Amino acid sequence: QVQLVESGGGLVQPGGSLRLSCEVSGFEDSGLSLDWYCIGWFLQAPGKEREGVSCIDFKDGSTYYEDSAKGRFTITRDRANNTAYLHLALLKPEDTAVYYCAAGSITTATLEAAGGMRTRYYDYWGQGSQVTVSS
């Protein structure tokens, strides 16, 4: 069974930083390879629709960022540990949201061509991790 588990969220003051982790398992048992997927991060603020943040091709590390995430957020992955990360810096209260990781059978190049991330591109989802930015 494919599973994605987020961790690393919590309470941070404005201007601070966090690193979120997404550990992926079960792809091999399902006849899949993580190298076929882009691991993405989404956020959902209270009362708002879920929106894309960033995605990384697990095979070669190519990245895609939505305009809202450029500059302060960085996505990375560790192939050996089947883990993707989202580094959040210079955090603002407006960044407060539940952050979800997801696996999609799509590439960053396709995201560029399609004009952005959509939830329907993603097949597997984690449970979410709360990030609260407050003084």
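The shown structure was predicted, so the numbers you read here are calculated from the model rather than taken from an experiment. (Residues numbered from 1 in each chain as written. Predicted model: local features only at pLDDT ≥ 70, side-chain atom pairs only at ≥ 80, totals over all residues. Heavy atoms only, no water.)

Draft legend 1. Broad picture of the overall build of the protein chain. Looking only at helices and strands, one finds one helix and 11 strands in the protein chain. Against the globule reference of 14 Å for 135 residues, the protein chain gives a C-alpha radius of gyration of 14 Å, in line with a compact fold. Considered along the principal axes of its C-alpha atoms, the protein chain spans approximately 45 × 30 × 25 Å. Out of the 135 residues belonging to the protein chain, those deemed buried represent 45%. Sequence separation of 24 or more characterises 59% of the internal contacts of the protein chain that already satisfy a separation of 6 or more. Per element, the accessible surface of the protein chain, about 6900 Å² overall, is 44% carbon and sulfur. (Helix = DSSP H or I, 4+ residues; strand = E, 2+ residues; numbered from the N terminus. Rg over C-alpha atoms; globule rule 2.2 N^0.38 Å. Buried < 20%, exposed > 50% of the residue type's maximum accessible area, 1.4 Å probe, protein only. Contact = heavy atoms within 4.5 Å. Areas by Shrake-Rupley, 256 points an atom, 1.4 Å probe, with all protein chains shown as cover.)

Draft legend 2. Up close: the nonpolar core. Of all hydrophobic cores here, the largest spans 31 residues; its most connected members are Ile 39, Trp 41, Leu 86 and Tyr 99. Those elements that place two or more of their residues in this core are strand E3 (18-25), strand E4 (38-44), strand E5 (51-57), strand E7 (73-78), strand E8 (83-88), strand E9 (97-104) and strand E11 (129-133). Filtering out sequence-adjacent residues up to four positions away, Leu 86 remains in contact with Leu 18, Arg 19, Leu 20, Trp 41, Val 53, Ser 54, Phe 73, Thr 74, Ile 75 and Tyr 99. Among the nonpolar cores identified, the runner-up in size contains 10 residues, and Cys 38, Ala 102, Leu 111 and Met 117 belong to it. (Core = buried A, V, L, I, M, F, W, Y, C linked by side-chain atoms within 4.5 Å.)

Draft legend 3. Structural context of the packing of aromatic side chains. As enumerated under the stated definition, the model contains six aromatic pairs in all. When the centroid spacing of 4.9 Å and the interplanar angle of 50° are considered together, the rings of Phe 42 and Trp 125 count as tilted. Of the two residues, Phe 42 is situated in strand E4 and Trp 125 in strand E10 (residues 122-125); the sequence distance between them amounts to 83 residues. Aromatic ring contacts, followed pair by pair, group Phe 27, Tyr 37 and Tyr 124 into a single cluster. Here the basic side chain of Arg 50 rests over the ring of Tyr 100, its NZ or CZ set 3.7 Å away from the ring centre. Positioned above the aromatic ring of Trp 125, the side-chain terminus of Arg 50 is 5.0 Å from the ring centre. (Phe/Tyr/Trp six-rings, centres within 6.5 Å; stacked < 30°, edge-to-face > 60°. Lys NZ or Arg CZ within 6 Å of the ring centre and 35° of its normal.)

Draft legend 4. View of the environment of Cys 101. Tracing the sequence through the fold places Cys 101 in strand E9. Separated by 53 residues in sequence, Cys 101 and Lys 48 have C-alpha atoms that sit 17 Å apart. Every residue in contact with Cys 101, bar those within four places of it in the chain, is listed here: Leu 4, Glu 6, Cys 22, Gly 40, Trp 41, Tyr 124, Trp 125 and Gly 126.

Draft legend 5. Spotlight on the state of the cysteines. Within the structure shown, the criterion is met by two disulfides. Between Cys 38 and Cys 55 runs a disulfide, and the two sulfur atoms are separated by 2.0 Å. Within this pair, whereas Cys 38 is found in strand E4, its partner Cys 55 is found in strand E5, the two being separated by 17 residues in sequence. Using a relative accessible area of 0% as the deciding quantity, one classes Cys 55 as buried. Described in terms of the sequence order of its bonded cysteines, the disulfide pattern of the protein chain is 1-4, 2-3. (Disulfide = S-S within 2.5 Å.)

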